[in-house]
Amino acid sequence: MQEEANAIIQTLKSKGLRVTPQRFAVYANLLSRTDHPTVEQLLTDLNKDFPVSSQATIYSSLQALREVGLVREVLLQEGVSRYDANVQPHHHFCCQSCGAIEDIAWDTFQCIELKNLRPGLQGKTYEVIVQGVCDRCHDEVTGDR
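A brief look at the structure comes next. (Residues numbered from 1 in each chain as written. Predicted model: local features only at pLDDT ≥ 70, side-chain atom pairs only at ≥ 80, totals over all residues. Heavy atoms only, no water.)

## A closer look at the overall build of the protein
Where we set the bar: Secondary structure elements are defined from DSSP: runs of H or I of at least 4 residues count as helices, runs of E of at least 2 residues count as strands, and each element is numbered from the N terminus. Classification of residues uses two cut-offs on accessible area relative to the type maximum, computed with a 1.4 Å probe and protein chains only: under 20% is buried, over 50% is exposed, and between them is partly exposed. Throughout, a contact is declared for two residues whenever any of their heavy atoms are within 4.5 Å. Surface exposure here means Shrake-Rupley accessible area, sampled with a 1.4 Å probe, where a residue is shielded only by the protein chains that are shown. In summary, the charge assignment counts Lys and Arg as positive and Asp and Glu as negative, without counting His or the chain termini. Here the site of a charge means atom NZ of a Lys, CZ of an Arg, CG of an Asp or CD of a Glu.
Scanning the protein for helices and strands turns up 5 helices and 5 strands. Along the protein, helices and strands appear, N-terminal first, in the series α-α-α-α-β-β-β-β-β-α. Counting every position in the protein, which comprises 145 residues, the buried fraction comes to 31%. Taking the contacts inside the protein whose residues are at least 6 apart along the sequence as the reference set, 44% of them involve residues at least 24 apart. About 9,700 Å² of surface is accessible on the protein, with carbon and sulfur atoms providing 50% of the total. Treating the 14 positive side-chain charges of the protein as one cloud and the 19 negative ones as another, the clouds have centres 9 Å apart.

The following block contains the structure:
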């Protein structure tokens, strides 16, 4: 546990960030999860045991972490910002039934050729968002277990 804390502190420092309890808590929380939480979910989670963070503090911590490339904002639904500490290239699956979000490995899909865009468009990056029904929801509907 102390080793993980030290690694987080070193990562924050290596990016030139001042290590505040709030930044540490937000980054540690994001590193520990894969569900791509919203600010509201982070606020609830971080204040579960003892209220210490405000929504504004979480937003400013996320902004600082985003600016140095430790966190990315994920927009999978209109008007809903989610956050992810996995900044390596990857895609996402979004369950249309329960809303669960899951990472999909980058090499799952054949290479998308950005050079096939119409002349005048210069693609730099892309991300695939697969929408459908996850196995948990599918099993509930069909009765499979």
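## Topic: the nonpolar core
Just so we agree on the cut-off: The definition of a nonpolar core used throughout is a set of buried Ala, Val, Leu, Ile, Met, Phe, Trp, Tyr and Cys residues joined through side-chain atoms within 4.5 Å.
In this structure, Y27, L30, L62 and L65 are the most contacted members of the largest nonpolar core, which totals 17 residues. Among the elements of the structure, helix 1 (2–14), helix 2 (21–31), helix 3 (39–46) and helix 4 (55–67) are those that each provide at least two residues to this core. In terms of residues, this core owes the most to one element, helix 4, which gives 4 residues. Setting aside residues no more than four positions away along its own chain, L62 makes contact with V26, L30, V39, L42, V71 and Y83. By size, the runner-up hydrophobic cluster in this structure holds 5 residues, among which are F93, C95, C134 and C137.

## Section: the packing of helix 2 against helix 4
Just so we agree on the cut-off: Axis geometry follows a simple rule: fit a line to the C-alpha atoms, using only the stretch in contact for helices, then measure angles between N-to-C directions, giving values from 0 to 180 degrees. Throughout this description, any angle smaller than 35 degrees is read as roughly parallel, any larger than 145 degrees as roughly antiparallel, any in the 65 to 115 degree range as roughly perpendicular, and the remainder as oblique. The classification used treats Ala, Val, Leu, Ile, Met, Phe, Trp, Tyr, Cys and Pro as nonpolar, Asp, Glu, Lys and Arg as charged, and all other residues, Gly among them, as polar.
One way to put it is that helix 2 packs onto helix 4 with a least axis distance of 9 Å and a crossing angle of 70°. Relative to helix 4, the element helix 2 lies roughly perpendicular. Mapping the contact onto sequence places Q22, R23, V26, Y27 and L30 in helix 2 and T57, I58, S61, L62, A64 and L65 in helix 4. Grouping the constituent residues of the contact of helix 2 with helix 4 by class yields 7 nonpolar, 3 polar and 1 charged.

## Section: helix 3
Since the α-helix packs 3.6 residues into each turn, any two residues three or four apart lie on the same face. We apply this condition: Throughout, the arc means that of the directions going from the helix axis to the C-beta atoms.
For helix 3, the complete set of buried residues consists of V39, L42 and L46. Angular distribution of buried residues about the axis of helix 3 spans 60°; they occupy a single face of the element. Contacts made by the buried residues of helix 3 are with helix 2, helix 4 and strand 2 (80–84).

## Details of the pairing of strand 3 (residues 90–95)
The following threshold applies: What makes two strands pair is DSSP finding at least two bridges between them.
Along strand 3, 6 of the 6 residues are buried, which leaves the element largely enclosed by surrounding structure. Of the two faces of strand 3, the one holding H90, H92 and C94 and the one holding H91, F93 and C95 are both buried throughout. Where strand 3 and strand 4 (residues 101–105) come together, 5 bridges link them in antiparallel fashion. Across the sheet, H91 pairs through a bridge with I104, a residue of strand 4. Joining the antiparallel neighbours strand 3 and strand 4 is a turn of 5 residues, in which G99 adopts a positive phi near 85°.

## Here we look at the state of the cysteines
Filter applied, for reference: The disulfide criterion used throughout: a pair of cysteine sulfur atoms within 2.5 Å.
Going through the model one piece at a time under the given rule, you end up with 0 disulfides. For the unlinked cysteine C95, the closest cysteine sulfur is that of C98, found at 3.7 Å. Its relative accessible area of 2% is what places C95 among the buried residues. The closest cysteine sulfur to the non-disulfide-bonded C134 is located on C137, 3.7 Å from its own sulfur.

## Some points on the pattern of salt bridges
Note the threshold: Salt bridges are defined by distance alone: a side-chain nitrogen of Lys or Arg within 4 Å of a carboxyl oxygen of Asp or Glu.
Applying the stated criterion across every chain yields a total of 7 salt bridges. The partner of R33 in a salt bridge is D35, with the nearest N and O atoms 2.7 Å apart. Notably, a salt bridge pairs E73 with R66, separated by 3.6 Å at the nearest N-O pair. The partly exposed category is assigned to R66, whose relative accessible area is 38%. Counted as one network, the salt bridges with shared partners bring together R33, D35, D45 and K48.

Structural measurements only, silent on function.
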